[in-house]
Amino acid sequence: MGALIRRLLAEPRLAGVDVDRPDLVDVHRRILATKPLTRAVFSELYQACRAADERHLTGSGVRVEIGAGSSFLKTLYADVLTTDIKDAPGIERVVDAMAMPFADGSVRAIYGIHTFHHLPDPAAFLTELGRVLQPGGGCILIEPYYGPLASFMFRRIFTTEGFDPHQRSWQTPTSGPMAGANQALSYIVLVRDMDEVTRRFPNLEIVERRPLRNWLRYILSGGVNFRTLAPGWSDPILRAVEAALSPLAHWLAIHHLIVLRKTRTGAR
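Nothing here was measured: the structure is a model prediction, and the numbers come from that model.

This brings us to the overall build of the protein. Along its length, the protein carries 11 helices and 7 strands. Relative to the compact-globule value of 18 Å for 268 residues, the protein shows a C-alpha radius of gyration of 18 Å, a close match. Principal-axis analysis of the C-alpha atoms gives the protein an extent of 50 × 40 × 35 Å. Classification of the 268 residues of the protein by burial places 51% in the buried group.

What follows covers the side chain of Thr-172. Mapping Thr-172 onto the fold places it in the loop between helix 6 (148-154) and helix 7 (185-192). Overall, Thr-172 belongs to the buried group, its relative accessible area being 7%. A distance of 3.2 Å separates polar atoms of two side chains, one belonging to Thr-172 and the other to Gln-167. Other than its neighbours up to four places away in sequence, Thr-172 contacts Pro-120, Gln-167, Gly-180, Ala-181, Asn-182 and Leu-185.

Of the voids in this model, the second largest pocket is the one considered here, and its volume is about 170 Å³. Taken together, Glu-44, Leu-45, Ala-48, Arg-210, Leu-212, Arg-213, Asn-214, Arg-217, Arg-239, Glu-242 and Ala-243 form the lining of the second largest pocket. Taken together, the elements giving at least two residues each to the lining of the second largest pocket come down to helix 3 (36-56) and helix 10 (235-244). Of the residues contributing to the lining of the second largest pocket, the split by class is 4 nonpolar, 1 polar and 6 charged.

Reading across the sheet, the 7 strands line up as 3-2-1-4-5-7-6 and stay open at both edges, with mixed pairing between neighbours. Edge strands, defined here as strands with exactly one partner in the open sheet, are strand 3 (93-94) and strand 6 (204-211). Where strand 4 (residues 107-113) and strand 5 (residues 133-144) come together, 6 bridges link them in parallel fashion. Bridging from a neighbouring strand, Tyr-111 pairs with Ile-140 of strand 5. Helix-sheet contacts for helix 3 involve strand 1 (62-66), strand 2 (80-84), strand 4, strand 5, strand 6 and strand 7 (255-262), and the interaxial angle to strand 4 is about 150 degrees. This element, helix 7, spans strand 5, strand 6 and strand 7 of the sheet and lies at about 45 degrees to strand 7.

The rules behind these values
- Residues numbered from 1 in each chain as written.
- Predicted model: local features only at pLDDT ≥ 70, side-chain atom pairs only at ≥ 80, totals over all residues.
- Heavy atoms only, no water.
- Helix = DSSP H or I, 4+ residues; strand = E, 2+ residues; numbered from the N terminus.
- Rg over C-alpha atoms; globule rule 2.2 N^0.38 Å.
- Buried < 20%, exposed > 50% of the residue type's maximum accessible area, 1.4 Å probe, protein only.
- Polar contact = N/O pair within 3.5 Å; in protein donor to acceptor, adjacent residues only side chain to side chain.
- Contact = heavy atoms within 4.5 Å.
- 1 Å grid on protein atoms, 1.4 Å probe; cavity = no way out; pocket = protein on both sides within 12 Å on 5 of 7 lines; lining within 4 Å.
- Points joined across faces, edges and corners; volume = space filled by probe spheres on them.
- Nonpolar A, V, L, I, M, F, W, Y, C, P; charged D, E, K, R; others polar.
- Pairing = 2+ DSSP bridges.
- Axes fitted to C-alpha atoms, helices over the stretch in contact; angles between N-to-C directions.

Put into structure tokens, the structure is as follows:
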């Protein structure tokens, strides 16, 4: 059944495109240009990142988007440096998030949207956060959630990524920059094993973690990988439905926002 649904809903412009090739970025950008509902959803994600930055973080260092890919965050916030592990048009700097080329204490904020679960070694990334962030600076992540709807969906909709909340190790044997990821990784590291994070990285603290309520619009928009199931003009109607069902966010959410901040003293 899952394979049939994927075939029916798959975005035809992605047929034959290797998820680990740089040209995926170009295809995703062309798709985004024709899907107003998807663009509206992503604009809201970018705004949520910036709002969390301004709410929780301090400092004057650079703002960096990791795993930017086809992101258009920079069109909203021109001061953000766009980076990715793969070079592609629109990427200002090729950066490995697990070995970042930034000076110690030089970064105010790192934004990562659908990026953390692609990291083969999240401990290396957390170590880098502790090094490059200014005290008071932080990292804002938007990642697949782990509630009932999210768990059901993410186990079934992608053939190149899994969803295994029971994986014991933080390290994921990925087969490429995109393929082979575990979409449950943010749950594993930053929810299930948060006590270990606290012990190993005492200079990092979670100051916000919440499910997002854009689930209905995201699903019906098709994201960048599936067909759109609702017209762009439906956005305010779908927002109203999401608002009415907001008490059920822990069951219905498919993404969550997490804010990690570097403490000023290096320890709690």
